[in-house]
Amino acid sequence: MGSLVVFPFKTERPDVVLKNVRIAAHHESVGRVLCVGSHQETTYRAVEEAIPGIVSKTGTPVDLVLQDRIGTKRAGKGDGMNTGLRYFVDSDCDRLHFYDADITSFDDTWITKAETSADLGYDMVRHYFPRSATDGMVTWMITRPGFAILFPDSELSCIHQPLGGELALSREAAGTIAGDSNVLRQSDWGIDTLISFSAVQHGMSISEVYMPQGKLHKLYGQLTDIRRMVIECFSAIQALRGHVLDRRITHDVEPAEGVPASITGKTGYDFAATMTLIPKTFTFRQLDVLATLPAPVMEGMLSAHTGKVSFLNESLWHDVYLALLEEYIEGDDDWEEVLFLVWVVRVLAYTTDVADAGYDSALRYLEGTIHRYRERSAPDT
Ligand SMILES: Nc1nc2c(ncn2[C@@H]2O[C@H](COP(=O)(O)OP(=O)(O)OP(=O)(O)O)[C@@H](O)[C@H]2O)c(=O)[nH]1
Ligand SMILES: [Mg+2]
């Protein structure tokens, strides 16, 4: 019956979404396409209107649904992906692909590469791609450090882009993930974290395929746009405390190629605008929260607005992370604000002290950090 391709979407440029739907519907391996909208807004209506034309041209069934309320967290992308997982389980398709709907560099090679790798028998195929040294700061500062600290002897923290929304699953793997209550609960931005975790927990074999053209998509300007993402991705990690990962998995990675200057030279966010987010003063409650973090943090955060951000180096971030795992209170406004602000300062510190020196050294440093965090957390043998 071919593969099912699912595009979860919220408010995106309709022309971008529809181009991607057409590419999927035209692909020889694809038997069905599903678009999962978050609510009935302009993008949804544009997709609705365009579907009959796409179906008559390609002969591939294309469906559009609103996401179901499945999880217990904020209703977000997680409900969208879980709606796609359920739809797949009830379908007669052989494989399930997910792609973000806002990718402007999407073409048929994304699907073909995943299919070719899945043909080798992998349970999960994940796409990864080059990103500028200041892009992916939730992955590099929140998700992979968390995986490294909590599960130092697992492959989990070695997955390049564990927050990536581009992946393919075998029928069996999709069934397992669709039935995992931890995944079903995660209706917010934490969904990608939980899908990556679930795959490793269930011993799935993982292949990572490299997309040299990169993922061009709608970029955030100020870092505030990803405040929710930081908070929800951290909470998803914190909730994994206490789990044990003791299964070795097969994990193969297609080597990366040379990275084009258009990516190495790109800045992931607006440094000056982001600096202005750091407040000169904090509320009493926020100071209480800061006081529960390692001692240098309070003093550092009080003068960070002057541009002195270097105190939040790799080593202190590790200790801050440990404290956050213990103390952070999900849903508490002051904890959310402090988490976001220490993450902002950590990103600024890394940008000035590491990323500005060049792409290659920055990427080596970021991978090195994950490795060093694993070593620090590994049980003494
Ligand atoms: N169904 C559904 N889709 C969503 C929701 N939120 C986001 N999406 C889609 O999920 C995909 C990824 O969201 P983006 O906002 O592009 O997030 P991102 O690319 O991971 O992060 P940025 O780097 O901030 O762009 C896009 O296709 C969104 O339209 C939601 O609540 N429901
Ligand atoms: Mg995007």
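### Notes on the pairing of strand β6 (residues 167–170)
Thinking step 1. Sheet topology note: the strand β4 (residues 95–98)/β6 ladder contains four bridges and is antiparallel. Across the sheet, the residue bridging to leucine 96 is leucine 169, located in β6.

### Quick notes on the domain arrangement of the protein
Note on interface size: it is often stated as the accessible area lost on association of the parts.
Thinking step 1. For the protein, the assigned domains read domain 1 (3–260) and domain 2 (271–377).
Thinking step 2. Spacing between the C-alpha centres of domain 1 and domain 2 amounts to 28 Å.
Thinking step 3. Contact residues are listed per partner, giving 23 residues for domain 1 and 26 residues for domain 2.
Thinking step 4. When residues in the side of domain 1 that touches domain 2 are grouped by element, the largest group, eight residues, is from helix α5 (residues 137–150).
Thinking step 5. The residue makeup of the side of domain 1 that touches domain 2, split by class, is 14 nonpolar, six polar and three charged.

### Considerations on the packing of α5 against helix α9 (residues 227–238)
Thinking step 1. Viewed as axis vectors pointing N to C, α5 and α9 meet at an angle of 10 degrees, and their least axial separation amounts to 9 Å. Judged by the angle between their axes, α5 and α9 are roughly parallel. Together, Val138, Ile142, Thr143 and Gly146 of α5 and Met229, Val230, Cys233, Phe234 and Ile237 of α9 make up the contact between the two elements.
Thinking step 2. Of the residues assigned to the contact of α5 with α9, the class counts are seven nonpolar, two polar and no charged.

### Observations concerning the nonpolar core
Thinking step 1. Cys233 and Leu339 are the most contacted members of the largest nonpolar core, which totals 110 residues.
Thinking step 2. For this core, the element with the highest residue contribution is helix α15 (residues 333–353), accounting for 11 residues.
Thinking step 3. Looking at this core, you find at least three residues from each of domain 1 (3–260) and domain 2 (271–377).
Thinking step 4. Sequence-distant contacts of cysteine 233, that is, excluding residues within four places in its chain, are made with Val138, Ile142, Thr143, Leu163, Trp189, Gly190 and Thr193.

### What to know about the packing of α5 against α15
Thinking step 1. Two numbers describe how α5 lies on α15: the axes approach to 11 Å, and their chain directions differ by 120 degrees. If you check the angle between α5 and α15, you find them oblique. Both α5 and α15 take part in a crossing whose hand is right-handed. Of α15, the residues touching α5 (which contributes Met137, Met141 and Ile142) are Trp343, Arg346 and Val347.
Thinking step 2. Partitioned by chemical class, the residues of the contact of α5 with α15 number five nonpolar, no polar and one charged.

### Section: α5
Thinking step 1. Here α5 spans 19 Å end to end across 14 residues, near enough to the 20 Å set by a 1.5 Å rise per residue.
Thinking step 2. Residue arginine 144 marks the point of greatest curvature in α5, where the axis turns by about 30 degrees; the proline proline 145 follows within four residues.

### Considering the site of ligand 1
Thinking step 1. Around ligand 1 sit 19 residues, and of these Pro8, Lys10, Ser38, Gly80 and Ala101 come closest.
Thinking step 2. Classifying every residue of the shell around ligand 1 by side-chain character gives six nonpolar, seven polar and six charged.

### Focus: the environment of aspartate 107
Thinking step 1. The topology assignment puts aspartate 107 in the loop between β4 and α4 (108–119).
Thinking step 2. On a C-alpha basis, the gap between aspartate 107 and lysine 57 in space is 18 Å, while along the polypeptide they are 50 residues apart.

### What to know about the sheet that holds strand β5 (residues 124–128)
Thinking step 1. In spatial order, the strands read β3-β2-β1-β4-β6-β5-β7-β8; together these eight strands make up an open sheet with mixed pairing. Edge positions in the sheet fall to β3 (62–66) and β8 (251–253), since each has one partner strand and no second. Averaged over all neighbouring strand pairs, the angle between strand axes comes to 20 degrees, with direction disregarded.
Thinking step 2. The pairing of strand β1 (residues 3–9) with β4 spans four bridges and is parallel. Within β4, the residue paired with valine 6 across the bridge is phenylalanine 98.
Thinking step 3. Strand contacts of helix α6 (residues 171–178): β4, β5 and β6, with the helix running at about 100 degrees to β6, the strand carrying the most contacts.

### Details of the pairing of β3
Thinking step 1. As paired strands, strand β2 (residues 30–37) and β3 are joined by five bridges and run parallel to one another. Of the residues in β3, the one forming a bridge with valine 36 is valine 65.
Thinking step 2. Each parallel crossover has a hand, and the one from β2 via helix α2 (residues 42–58) to β3 is right-handed.

The rules behind the values
- Residues numbered from 1 in each chain as written.
- Chains lettered and ligands numbered in written order.
- Predicted model: local features only at pLDDT ≥ 70, side-chain atom pairs only at ≥ 80, totals over all residues.
- Pairing = 2+ DSSP bridges.
- Helix = DSSP H or I, 4+ residues; strand = E, 2+ residues; numbered from the N terminus.
- Domains from an automatic or database assignment.
- Contact = placed C-beta atoms within 7 Å.
- Nonpolar A, V, L, I, M, F, W, Y, C, P; charged D, E, K, R; others polar.
- Axes fitted to C-alpha atoms, helices over the stretch in contact; angles between N-to-C directions.
- Parallel < 35°, antiparallel > 145°, perpendicular 65-115°, else oblique.
- Core = buried A, V, L, I, M, F, W, Y, C linked by C-beta atoms within 7 Å.
- Buried ≥ 20, exposed ≤ 12 C-beta atoms within 10 Å, placed from the backbone.
- Left-handed = near helix turned anticlockwise from the far one by under 90°.
- Expected span 1.5 Å × (residues − 1).
- Bend = angle between axes of the 7 residues up to and from the residue.
- Near = placed C-beta within 6 Å.
- Right-handed = clockwise from strand over helix to strand, strands pointing away.

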